[in-house]
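Spelled out from the first residue to the last, the chains are:
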Amino acid sequence: MGQKQGDLGRNTEQKIADFFQQHRYWALIIPRGVGGQPFDIVARYKNKELGIDDVWFIDAKHLEENKVSFAFSRIEPNQISSMEYAKYFCGIDDQMGFVVMWERDENLYYFSFDDFLRISEEGRKSIKIEEMQNYSELIRSNLNVHKNIE
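A brief report on the enclosed structure follows. Bear in mind the structure is a predicted one, so any value in this text is a computation, not a measurement.

A short note on the environment of K46
1) Next: One can find K46 in strand β2 (residues 41-47).
2) Next: On the basis of relative accessible area, K46 is assigned to the partly exposed category, the value being 44%.
3) Next: For the pair K46 and Y25, spaced 21 residues apart in the sequence, the C-alpha separation amounts to 7.8 Å.
4) Next: Residues within four places of K46 in sequence aside, it is in contact with I52 and D53.

See below:
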């Protein structure tokens, strides 16, 4: 990975971690290791009194302004195997996947690991931005569920 690409990746990770923190989540950017890392970000919102424990395992991705879809070739093998292990051996399912920051509007978009598996099984090599969920809306909706419980 080149310097510019590395800086862009770190900036994207930081923007996503900041987003979580702005919404009352604890967020950790996992440091890079020799063989990569299992996820870029782990985020958690916890309210013991109400029994809420909301955890996200996220890989951060950046999409250039002139692109309209995210190519699956950009997902590294260690990311896939880490998510497969988390899914099959730890039962992590719903809140694990990819958050894409799109340069065009600087919004965050999400597609789950299950979406990736399903779309890949269909033989597709990418996902269009309009097929992804707006991550800001998804998190706000999730927090509204928490507020309604509170």
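As for the packing of helix α2 (residues 77-90) against helix α3 (residues 113-121)
1) Next: Between α2 and α3, whose axes approach to 11 Å, the crossing angle comes to 110°. Relative to α3, α2 is oriented roughly perpendicular. As for how α2 packs across α3, the hand of that crossing is left-handed. When α2 is examined against α3, the residues I80, M83, E84, K87 and Y88 are found in contact with a partner set consisting of F113, D114, F116 and L117.

Let's talk about the side chain of S136
1) Next: As for its position among the elements, S136 is in helix α4 (residues 135-149).
2) Next: Using a relative accessible area of 12% as the deciding quantity, one classes S136 as buried.
3) Next: Those residues in contact with S136 that lie beyond four places of it in its chain are F19 and L108.

Observations regarding unusual backbone geometry
1) Next: In this structure, R24 takes a positive phi of about 70° despite not being glycine.
2) Next: If you trace the backbone, R24 turns up in the loop between α1 (3-22) and β1 (26-29).

Re α2
1) Next: Between its first and last C-alpha atoms α2 spans 19 Å; for 14 residues at 1.5 Å apiece the expected length is 20 Å, and the two agree.
2) Next: Residues of α2 that are buried include every one of N78, Q79, S82, M83, A86 and K87, and no others. In a view along the axis of α2, the buried residues occupy a sector of 165°, so they form one face of it. Relative to its buried face, α2 has exposed residues pointing more than 90 degrees away, namely P77, Y85, Y88 and F89.
3) Next: Packing partners of the buried residues in α2 comprise β3 (52-63), β5 (96-102) and α3.
4) Next: Following α2 by one or two positions, G91 has its phi on the positive side, about 75°.

Reading the values: the criteria
Residues numbered from 1 in each chain as written. Predicted model: local features only at pLDDT ≥ 70, side-chain atom pairs only at ≥ 80, totals over all residues. Heavy atoms only, no water. Helix = DSSP H or I, 4+ residues; strand = E, 2+ residues; numbered from the N terminus. Buried < 20%, exposed > 50% of the residue type's maximum accessible area, 1.4 Å probe, protein only. Contact = heavy atoms within 4.5 Å. Axes fitted to C-alpha atoms, helices over the stretch in contact; angles between N-to-C directions. Parallel < 35°, antiparallel > 145°, perpendicular 65-115°, else oblique. Left-handed = near helix turned anticlockwise from the far one by under 90°. Expected span 1.5 Å × (residues − 1). Arc of directions from axis to C-beta.

Purely spatial values, then, with no claim about function.
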